[in-house]
Amino acid sequence: MSKSADLRINDQSYSLDIITGTEQEQAIDVSNLRKESKFITFDDGYGNTGSCESSVTYIDGDSGILRYRGYDITELAEKSNFLETCHLLLYGELPTADELGLLEQRISKFANLPDEVLSTINALPSSAHPMAVLSCGLQALGGAFPELATNDRKKDIENFDDAAALIISATRSITASRYRHQHGKPIIPSDSSKGYCDNFLSMMFSSETGQSGVPEQVSNALDLIFLLHADHEQNCSTSTCRMIASGGANPFASVAGATSALWGPLHGGANMAVIRMLNEIHESGDDGSRFVESAKLGKSRLMGFGHRVYRNYDPRAKILKSACDDALEALGVSSPILEIARKLEEVALQDPYFIQRKLYPNVDFYSGIILQALGFPTDTFTVLFAIGRTPGWLAHWREIALTGKKIHRPRQIYQGSNLRSYTPLSER
Ligand code: SDX
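Residues numbered from 1 in each chain as written. Predicted model: local features only at pLDDT ≥ 70, side-chain atom pairs only at ≥ 80, totals over all residues. Heavy atoms only, no water.

Turning our eyes to something else, we now look at the domain arrangement of the protein. Split by domain assignment, the protein resolves into domain 1 (4-66), domain 2 (79-263) and domain 3 (270-374). Centre-to-centre separation of domain 2 and domain 3, based on C-alpha positions: 28 Å. Every contact between the two is made by 12 residues of domain 2 and, on the other side, 15 residues of domain 3. Buried area between domain 2 and domain 3, both sides added, is near 1,200 Å², and the carbon and sulfur share of it is 79%. (Domains from an automatic or database assignment. Contact = heavy atoms within 4.5 Å. Buried area = accessible area lost by both parts, 1.4 Å probe.)

Further remarks concern the state of the cysteines. Applying the stated criterion to the full structure yields 0 disulfides. Here Cys52 stays free of any disulfide, with the sulfur of Cys241 as its closest cysteine sulfur at 11 Å. A relative accessible area of 28% means that Cys52 is categorised as partly exposed. Cys324 carries a free sulfur, and the closest cysteine sulfur to it, the one in Cys197, is 17 Å from it. When its relative accessible area of 0% is taken as the criterion, Cys324 is described as buried. (Disulfide = S-S within 2.5 Å. Buried < 20%, exposed > 50% of the residue type's maximum accessible area, 1.4 Å probe, protein only.)

Moving on, we come to the sheet that holds strand β6 (residues 71-72). In space, the 3 strands of this open sheet follow the order β4-β5-β6, with antiparallel pairing throughout. Every other strand in the sheet has two partners, leaving β4 (57-60) and β6 as the edge strands with one partner each. Note: strand β5 (residues 65-68) against β6, 2 bridges, orientation antiparallel. Its bridge partner being in β6, Tyr68 is matched across the sheet by Tyr71. (Pairing = 2+ DSSP bridges. Helix = DSSP H or I, 4+ residues; strand = E, 2+ residues; numbered from the N terminus.)

Summarising the element assignment, His267 is placed in the loop between α12 (251-262) and α13 (270-284). There is a polar contact of 2.9 Å between the side chain of His267 and the side chain of Ser237. (Polar contact = N/O pair within 3.5 Å; in protein donor to acceptor, adjacent residues only side chain to side chain.)

The next subject is the environment of Arg301. Along the chain, Arg301 falls in the loop between α14 (289-296) and α15 (315-331). Setting aside chain neighbours within four positions, we find Arg301 in contact with Met277 and Phe291.

Let's shift gears to the nonpolar core. Counting residues in hydrophobic clusters, the biggest one holds 115 residues, and the most contacted among them are Met277, Leu344, Ile369 and Phe376. With 12 residues, helix α19 (residues 381-403) is the single largest residue contributor to this core. Excluding anything up to four places from it in sequence, Met277 contacts Phe291, Arg301, Leu302, Met303, Leu344 and Phe365. (Core = buried A, V, L, I, M, F, W, Y, C linked by side-chain atoms within 4.5 Å.)

Looking now at the sheet that holds strand β3 (residues 26-28). The sheet built from 3 strands is open, its strands ordered β1-β2-β3 with antiparallel pairing. This sheet does not close on itself; its edge strands, each paired only once, are β1 (4-9) and β3. Strand-to-strand twist across the sheet, computed as the mean angle between neighbouring axes with direction ignored, equals 30°. With 6 bridges connecting them, β1 and strand β2 (residues 12-20) associate as antiparallel partners. The residue of β2 that forms the bridge with Asp6 is Ser15. (Axes fitted to C-alpha atoms, helices over the stretch in contact; angles between N-to-C directions.)

Moving on: the site of the ligand. Close to the ligand lie 22 residues, the nearest being His232, Arg301, Leu302, His307 and Arg316. A distance of 2.7 Å is found between an oxygen atom of the ligand and a side-chain nitrogen or oxygen belonging to Arg316. One of the side-chain N or O atoms of Asn362 is found 2.9 Å from an oxygen atom in the ligand. In isolation the ligand has 1,000 Å² of accessible area, and contact with the protein removes 75% of it. (Near = heavy atom within 4 Å. Areas by Shrake-Rupley, 256 points an atom, 1.4 Å probe, with all protein chains shown as cover.)

Attention shifts here to the pattern of salt bridges. Working definition: two side chains of opposite charge can pair if their charged atoms are close together. Counted according to the given criterion, the structure contains 15 salt bridges. Glu158 is the salt-bridge partner of Lys154, the closest N and O atoms lying 2.8 Å from each other. Of this pair, Lys154 and Glu158 both sit in helix α7 (residues 153-158), 4 residues apart, which is roughly one turn of the helix. The class of Lys154 is exposed, set by a relative accessible area of 60%. One salt bridge in this structure joins Asp351 and Lys296, with 2.6 Å as the shortest N-O distance. Of this pair, Asp351 sits in the loop between α16 (336-348) and α17 (352-356) while Lys296 sits in helix α14, and the two are 55 residues apart along the sequence. Residue class for Asp351 comes out buried when judged on its relative accessible area of 8%. Exposure remark for Lys296: the relative accessible area of 26% places this residue in the partly exposed category. (Salt bridge = Lys/Arg side-chain N within 4 Å of Asp/Glu carboxyl O.)

What follows concerns the packing of α16 against helix α18 (residues 363-373). Contact geometry for α16 and α18: axes closest at 10 Å, N-to-C directions at 175°. What the angle tells us is that α16 and α18 run roughly antiparallel. Two secondary-structure elements touch here, α16 through Ile337, Leu338, Ala341, Arg342, Leu344 and Glu345 and α18 through Phe365, Tyr366, Ile369 and Gln372. Counted by class, the contact of α16 with α18 contains 7 nonpolar, 1 polar and 2 charged residues. (Parallel < 35°, antiparallel > 145°, perpendicular 65-115°, else oblique. Nonpolar A, V, L, I, M, F, W, Y, C, P; charged D, E, K, R; others polar.)

To continue, consider α14. Residues separated by three or four positions in an α-helix point in the same direction, a consequence of the helix having 3.6 residues per turn. By the burial criterion, the buried members of α14 are Phe291, Val292, Ser294 and Ala295. Looking straight down α14, one finds that the buried residues subtend no more than 160° of arc, so they occupy a single side. Buried positions along α14 lie against α13, α16 and α17. In the stretch just after α14, Gly298 is the one whose phi turns positive, near 80°. (Arc of directions from axis to C-beta.)

Here it is, written out as structure tokens:
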């Protein structure tokens, strides 16, 4: 494989290094292009541009491959669990029993929110979206633990283990506390005898007597959803997390910013949009065929379909599609919208419009059906995506902090007015 690329501009040649990754991906290094040629590259939406070298997650979009630190998502989904995966993403290795125990202890230690954080999130307007509450709650949390959010990179790295455990723990508590507050119910304190998901389900839905009784299949389904969402290399929200980290900001600020980026309907907000789309199709009496036609005409978008990287089936969607059956059977619930989702997929995957554009179901297409069956309100679905993605965001914060990369500062091509002189008000 060649080690460099030659670029010719106006009879001037430039030799650019080629970077090759451990999976043989290749990039042309343009880090010095502007200094040498005064040219920059332009790539609308960054579809062809690598912002960094990273060791956290590998995706092969053409083959539908997703690996966390080298472990394939299908094997992790079958053999591992969310907390093991948190350790794997954060520190690069599957934990020993002692390391897992230490992570569990740290997460339990931080499970109940400080009163000032509770009062902050519950002071937000009642119509504030759960994603806005989560983002705000994370910043408040950093304020409640200033020793973990110093913006002094050396100190923030030294305190990272506690900061990461606190944030991974608190995303649940912020979500559950706000949900209970919104529904006029008393807060259910964390029960450290329960596992991560059991404890979260208990904090969300336990009856006032505190009886848990969460069926194992329910917490297993949630654990799988969190594991499948845990990281996905340089997506919109993770790139935002890295952008904030590159300026030296602390993990709370980076994860709060990433939470805001995830909220959009084209990104993590799609799981809420999928359920609303399926419910609208169900209520209209359409089996999905009419909706697919409207999507082909650009009148609507088939939410949960398509992906910038996957030009094949999103491996997470494949796992979630089969998990749907198991979860619904275990819960003894039927879901009319699952049948519509299946019909949409069947129709779309045979239609040239979707085939030509390589549009397949993505992680959001089936996840909402399981979350709805687990009893979560639709407006919490993207928060649940964020809870799952938090270890990934933290792993990328740590990677930036440890490698000490330069602050992210993209360039632009200016298309505004050329120089002009001030016109006095009287002459305007
Ligand atoms: C996530 O990046 C990540 O890794 C994200 C994520 C993660 O784990 O972090 O995987 C999570 O965000 C998954 C994606 C969730 N979003 C949705 O499901 C929303 C619906 N999908 C789309 O809006 C779209 O597919 C995107 C945003 C996901 C990708 O957009 P691209 O790569 O910019 O593609 P595009 O919008 O340029 O579309 C290319 C063509 C267009 O048609 P033409 O202009 O060529 O005629 O495909 C069409 C689009 O109109 N198209 C769709 C479509 N998605 C793309 N048409 C109908 N329905 C869709 N869903």
